[in-house]
Amino acid sequence: MEHNQFQHPVRVLVGLGFPTDIQSVKDAFVLLDEWPPSKRNPAHGVALNACRAALAGEVDAETARSTFVAFARRMDLLVQAAGDIVAAKAVGTFGLAAEGHFSKSM
């Protein structure tokens, strides 16, 4: 595995809500570098700096990945894996429908 590749891609929404897989530090850096300045926040700065450090070999790719995931989550760009959604529904932690709130009143 290339030193800049993520062990697991990060799926995020881009453009008009289309999912794409960010597979490397370079992919994450490009997305962060092109992020509109008016929408940047502290999480963006941390993630961008971590990606820069990973590209320079100062930190590992998984450190940059974790900061990128935090940024994507904060910006509501992170796409949950289908397996995560299924597991959450199975234990009743995903939405009100899983708790049966709608079945009694309808």
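Refer to the preceding data block for the structure.
Residues numbered from 1 in each chain as written. Predicted model: local features only at pLDDT ≥ 70, side-chain atom pairs only at ≥ 80, totals over all residues. Heavy atoms only, no water.

Chemist: I would appreciate a short explanation of the packing of aromatic side chains in the present structure.
Modeler: One pair of aromatic rings is described through two measures. These are the centre distance and the angle between the planes. Taken as a whole and judged by the stated rule, the model has 2 aromatic pairs. Note on tryptophan 35 and phenylalanine 71: the rings are 5.3 Å apart at their centroids and 85 degrees apart in plane angle, and the pair reads as edge-to-face. On the criterion of sequence distance, the pair formed by tryptophan 35 in the loop between helix H1 (25-33) and helix H2 (42-55) and phenylalanine 71 in helix H3 (residues 61-74) is long-range, its members being 36 residues apart. Both residues of the pair, tryptophan 35 and phenylalanine 71, count as buried. In this structure phenylalanine 71 comes out as buried when scored by relative accessible area, which is 0%. A network of ring pairs unites the aromatic residues Trp35, Phe68 and Phe71 as a single cluster. (Phe/Tyr/Trp six-rings, centres within 6.5 Å; stacked < 30°, edge-to-face > 60°. Helix = DSSP H or I, 4+ residues; strand = E, 2+ residues; numbered from the N terminus. Buried < 20%, exposed > 50% of the residue type's maximum accessible area, 1.4 Å probe, protein only.)

Chemist: Mind showing me how you'd approach H3 here?
Modeler: Between the first and last C-alpha of H3 there are 20 Å, a value that for 14 residues agrees with the 20 Å anticipated at 1.5 Å per step. Of the residues making up H3, those classed as buried are Ala61, Ala64, Arg65, Thr67, Phe68, Val69, Phe71 and Ala72. Considering only its buried residues, H3 is in contact with strand S1 (5-14), strand S2 (18-24), H1 and H2. N-cap assignment for H3: the residue whose side-chain oxygen lies 3.0 Å from the backbone N of glutamate 62 is aspartate 60. (Expected span 1.5 Å × (residues − 1). Contact = heavy atoms within 4.5 Å. Polar contact = N/O pair within 3.5 Å; in protein donor to acceptor, adjacent residues only side chain to side chain.)

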